Amino acid sequence: MQNNVICGEYLFLTEEEASKKAYIDMISRTARDIAESIGDEKAYIGLSPQELKKKIKVEQILPERGRGLSSVSSLLSEKILPYFLRTPSTDYMAHLHGPSLLETVAAELVLSTFNQSMDSWDQSPVATEIEVEVIGELCRLYGYGSTSDGVFTSGGSQSNLMGLMLARDWFCNERLHHDVKKLGQPANYGKLRIYTSAISHFSMEKGAHLLGLGYDAVVKVPVDRRQKMDMNAFRQLVEQDVAQGNIPFCAVATIGTTDYGSIDDVVEMYRICQEHGMWLHADAAYGSGVIMSLGYRNRIGPLHLCDSITVDFHKMFLMPISCGAFLLRDGKNFEALTLHADYLNREEDEEDGYTNLVGKSMQTTRRFDALKVWLSFQIRGQDGWSQIVSTCIQNATHLYNSLSRSPRFEAVTEPEISSVVFRVLPVEGRAASDEVVDQLNKRVRRALIHQEGVVIGQTVFEGKVFLKFTLLNPRITYEKLDAMLERIQGLADTM
């Protein structure tokens, strides 16, 4: 075996000129094949699950002898690339899962090539320093002061879990005078309560389970007609729990609910939390991107009042999965995650100025996702980002207004960010029971996917089936949205 070569294929990018050429050839060929696989605006080719399983079938996933780059590149172009969901398509508007900005795709190439691990400085020197700089900028962006800190995460679920965990440790230390980190759960652990919107992300229940609190520790607060947490109900539920001997320790403000993009009242939640000595966490996985819009940023409220904030870059920030961040108003609360190991994050190194980020993270091995944010912020600037985010918000407003003017559609609530939930109604005179309308909307969505390559969302509101547009693509125009409503109405007319 030659150095750096197995079965005629180079292993890695090294200082060897031949390996550099092989790297450039492989990346260039793959990039060309990807670009050539996109021939129209469809979001999906339309195959059913059964048809797709047949198309992607190969004789062996692990052949006895390697096929080599040329053969496998052809296989990739035949079996995989045509069938990808195309998130950059303006025909894709189903979920909080958007297209990836070109520069962030380039950043993925850089971080994957050098494969840094963000746990210790000696595994990621420049990557560590860049993450520290980017976290500092994010803390300033959301209004935090000099004592704040943060860390990159895999996304909203992990950030929310960190928020609940640090809230628990802080509360048990400060209010119950019990060190969970050393001693485990206090005797009255089962009485701890978390308050969150009835339509908050399911990571709240998952987090409570992982913390040993269980689903029943999560108190789901009713929402008002705008799908925001009802503040009167919140206050009443907290006071009711106190009267029953339970222990309120944390509340979560949802800054952009998954379906509606509704934003809870941070100011009023902060007041109630202060009265009862509770931690306030902001799940801004969706709404964190609104801060980039100069015209709409005030909609998310003063997030600096929150003790912690979940930020997600693979949603409204249009970056490749995965990429999130967790921010703390008081960085000293990261102590709950700090544990030194002689083989990794030695105290003597940190005393000499080497930053080991594992002391702030639930993960050990972690990707250099901060590069995507650094590169995109540099390239787009505040003006470019404001235009991207503002366009998405304005598209949602236009869509809602179009729906409101038509007797054939019913919308749930006026959007605050970029999601619109609605349903199409049957032609006047047809039977229109809830069951009939539910089935109509389900069939319309399936027809869009499999007949026209258009992918939109589906959810449930008040027990009834609704459709959903999640508008994260700034390439979408008012004309496109109006045409989509005509297509939906046309399909409904034929069913």
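Data block above holds the structure.
Notes on the structure follow. Every value quoted in this text rests on a predicted model; they were computed, and no experiment measured them. (Residues numbered from 1 in each chain as written. Predicted model: local features only at pLDDT ≥ 70, side-chain atom pairs only at ≥ 80, totals over all residues. Heavy atoms only, no water.)

**Regarding the sheet that holds strand 9 (residues 308-312)**
The 7 strands lie next to each other as 4-10-9-8-7-5-6, forming an open sheet whose pairing is mixed. Of all the strands in the sheet, the pair left with one neighbour each is strand 4 (149-153) and strand 6 (218-221). The sheet shows a mean angle of 20° between the axes of neighbouring strands, taken without regard to direction. Here strand 5 (residues 192-197) pairs with strand 7 (residues 247-254) via 5 bridges, running parallel. The residue of strand 7 that forms the bridge with Arg193 is Pro248. Sitting on the sheet, helix 9 (residues 231-243) touches strand 5, strand 6 and strand 7, and the angle it makes with strand 6 is about 145°. Where helix 10 (residues 266-276) meets the sheet, it contacts strand 7 and strand 8 (279-284), and its direction lies at approximately 170° from that of strand 7. (Pairing = 2+ DSSP bridges. Helix = DSSP H or I, 4+ residues; strand = E, 2+ residues; numbered from the N terminus. Axes fitted to C-alpha atoms, helices over the stretch in contact; angles between N-to-C directions. Contact = heavy atoms within 4.5 Å.)

**Considering the pairing of strand 12 (residues 419-424)**
Most of strand 12 sits out of view: 6 of its 6 residues are buried. In strand 12, alternate side chains face the same way, and those of Ser419, Val421 and Arg423 on one face and Val420, Phe422 and Val424 on the other are all buried. Two elements, strand 11 (residues 409-411) and strand 12, share 3 bridges in a ladder whose sense is antiparallel. Bridge pairing in strand 12 links Phe409 to Val424. (Buried < 20%, exposed > 50% of the residue type's maximum accessible area, 1.4 Å probe, protein only.)

**Here we look at the packing of aromatic side chains**
This structure, assessed with the given rule, holds 15 aromatic pairs. An aromatic cluster is defined as three or more aromatic residues linked by ring pairs; in this entry it consists of Phe152, Phe313, Phe317, Phe377 and Trp385. (Phe/Tyr/Trp six-rings, centres within 6.5 Å; stacked < 30°, edge-to-face > 60°.)

**Details of the side chain of Glu131**
Checked against the element boundaries, Glu131 lands in helix 5 (residues 125-141). Among residues more than four places away in sequence, those in contact with Glu131 are Met118, Val151, Phe152, Leu357, Arg366 and Ala370.

**A word on the sheet that holds strand 3 (residues 92-93)**
Strand order across the open sheet formed by 5 strands is 3-13-14-12-11, with mixed pairing between neighbours. Unpaired on one side and paired on the other, strand 3 and strand 11 mark the two borders of the sheet. Across 4 bridges, the pairing between strand 12 and strand 14 (residues 464-470) is antiparallel. From the neighbouring strand, Val420 faces strand 14, where its bridge partner is Phe469.

**A few points about empty space enclosed by the protein**
If you walk through the whole model with that rule in mind, you get 1 cavity of 30 Å³ or more. Taken as a whole, the largest cavity spans an internal volume of roughly 40 Å³. Considering the residues around the largest cavity, the lining is formed by Thr87, Tyr92, Met93, His95, His97, Gly98, Pro99, Thr470, Leu472 and Asn473. Split by residue class, the lining of the largest cavity holds 4 nonpolar, 6 polar and no charged. (1 Å grid on protein atoms, 1.4 Å probe; cavity = no way out; pocket = protein on both sides within 12 Å on 5 of 7 lines; lining within 4 Å. Points joined across faces, edges and corners; volume = space filled by probe spheres on them. Nonpolar A, V, L, I, M, F, W, Y, C, P; charged D, E, K, R; others polar.)

**Digging into the pattern of salt bridges**
Any two side chains of opposite charge can pair, given that their charged atoms come close. A complete count under the given rule lists 28 salt bridges for this structure. For the salt bridge of Lys360 with Asp149, the shortest nitrogen-to-oxygen distance reads 2.9 Å. One end of the pair, Lys360, is in the loop between helix 11 (347-351) and helix 12 (370-405); the other, Asp149, is in strand 4, with 211 residues separating them in the sequence. Owing to a relative accessible area of 13%, Lys360 belongs among the buried residues under this scheme. In this structure, Lys468 and Asp259 form a salt bridge, with 2.8 Å as the shortest nitrogen-oxygen distance. Highlighted residues: Lys468 in strand 14 and Asp259 in the loop between strand 7 and helix 10, separated in sequence by 209 residues. Here Lys468 matches Asp259 in class, with each residue buried. (Salt bridge = Lys/Arg side-chain N within 4 Å of Asp/Glu carboxyl O.)

**Quick word on helix 8 (residues 203-210)**
Taken together, the buried positions of helix 8 are occupied by Ser203, Met204, Glu205, Gly207 and Ala208. Looking at the buried residues of helix 8, the elements they touch are helix 6 (156-174), strand 5, strand 6, strand 7 and strand 8.

**Details of the packing of helix 4 (residues 102-114) against helix 12**
Where helix 4 contacts helix 12, the two axes come as close as 9 Å, and the packing angle between them is 145°. Remark: the crossing between helix 4 and helix 12 carries right-handed chirality. Residues Glu103, Thr104, Ala107, Glu108, Val110 and Leu111 of helix 4 touch helix 12, and the partners they reach there are Leu371, Lys372, Leu375, Ser376, Ile379 and Arg380. Taken together, the residues that form the contact of helix 4 with helix 12 break down as 6 nonpolar, 2 polar and 4 charged. (Left-handed = near helix turned anticlockwise from the far one by under 90°.)

**Considerations on the environment of Ser74**
Relative to the assigned elements, Ser74 resides in helix 3 (residues 69-79). Look at Ser74 and you get partly exposed, because its relative accessible area is 42%. Distance in space between the C-alpha atoms of Ser74 and Asp33 is 8.8 Å, their sequence separation being 41 residues.

**Here we look at the nonpolar core**
Residues Leu138, Phe234, Ile309 and Phe313 are the most contacted members of the largest nonpolar core, which totals 67 residues. Top element by residues in this core is helix 12. It accounts for 9 residues. Non-local contacts of Leu138, meaning those with residues more than four positions away in its chain, are made with Phe152, Phe313, Ala325, Leu327 and Phe377. Within the second largest apolar cluster, 30 residues are counted, among which are Leu166, Trp170, Phe171 and Leu328. (Core = buried A, V, L, I, M, F, W, Y, C linked by side-chain atoms within 4.5 Å.)

**So, the layout of surface pockets**
Taking a probe equal in size to a water molecule and rolling it over the atoms shows the remaining empty space. Here the largest pocket is characterised by a volume of approximately 1300 Å³. Lining the largest pocket are 34 residues; nearest its centre among them are Ile34, Thr87, Pro88, Ser100 and Val105. Breaking the lining of the largest pocket down by element, the ones donating at least two residues are helix 1 (17-36), helix 4 and helix 12. Looking at the lining of the largest pocket element by element, the count peaks at 6 residues for helix 4.

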